Amino acid sequence: QVLLVESGGGLVQAGGSLRLSCAASGRTFSNYGMGWFRQAPGKEREFVATANWSGGSTSYADSVKGRFTIFRDNAKNTVYLQMNSLKPEDTAVYYCAKSWDSLGYPRPDAYNYWGQGTQVTVSS
């Protein structure tokens, strides 16, 4: 069983920055890809970013490319999402998830463990 706990969400003005963290339990964190997804009210959960087991391969949704960065510290069992130049449309609950293997995928069905989510609200 894997427990994922997100933190770092909050209220920020447009143009500001936030860094989300996701701490994972267990000793096999470094074997698996990790991803960040988000869900706004009334919308489906959507892909944000993903990293493979080492963090050496990453991918992003077009809507966040150039503004968000995913990175991981395997020694700390933690994956991060640095969010810069935030926009009101980034407002959502953000979830981290563990992939079913060492790679990262842009679809939620490739992830078998999810955190509880952290709220990010960007005011205009």
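1. Description of the environment of G115
Stage number 1. With respect to the helices and strands, G115 occurs in the loop between β10 (111-114) and β11 (118-123).
Stage number 2. Residues G115 and E6, spaced 109 residues apart in sequence, show a C-alpha to C-alpha distance of 6.4 Å.
Stage number 3. With near-sequence residues (within four places) excluded, G115 lies in contact with L4, E6, Y95 and C96.

2. Some points on the pattern of salt bridges
Opposite charge on two side chains permits them to pair, given that their charged atoms come into close proximity.
Stage number 1. Across all of its chains, the model carries five salt bridges by this definition.
Stage number 2. As a salt-bridge pair, D62 and K65 come within 3.1 Å of each other at their nearest N and O atoms. Like K65, D62 is exposed.
Stage number 3. Salt-bridge contacts for R107 lead to D109; the nearest nitrogen and oxygen are separated by 2.7 Å.
Stage number 4. Salt bridges sharing partners connect three or more residues here, namely R38, E46, R67 and D90.

3. What to know about the packing of aromatic side chains
Stage number 1. Applying the stated criterion across every chain, the model contains six aromatic pairs.
Stage number 2. With 4.9 Å between their ring centres and 20 degrees between their planes, F71 and Y80 make a pair best called stacked.
Stage number 3. Taking the relative accessible area as the measure of exposure, F71 reaches 29% and is therefore partly exposed.
Stage number 4. Through pairs of rings, three or more aromatic residues link up here, namely F37, F47, Y111 and W114.
Stage number 5. Sitting over the ring of Y95, R45 keeps its end group 3.9 Å from the ring centre.
Stage number 6. Seen from the ring of Y32, K98 lies directly overhead, with NZ or CZ sitting 3.5 Å from the centre.

What counts and how
Residues numbered from 1 in each chain as written. Predicted model: local features only at pLDDT ≥ 70, side-chain atom pairs only at ≥ 80, totals over all residues. Heavy atoms only, no water. Helix = DSSP H or I, 4+ residues; strand = E, 2+ residues; numbered from the N terminus. Contact = heavy atoms within 4.5 Å. Salt bridge = Lys/Arg side-chain N within 4 Å of Asp/Glu carboxyl O. Buried < 20%, exposed > 50% of the residue type's maximum accessible area, 1.4 Å probe, protein only. Phe/Tyr/Trp six-rings, centres within 6.5 Å; stacked < 30°, edge-to-face > 60°. Lys NZ or Arg CZ within 6 Å of the ring centre and 35° of its normal.

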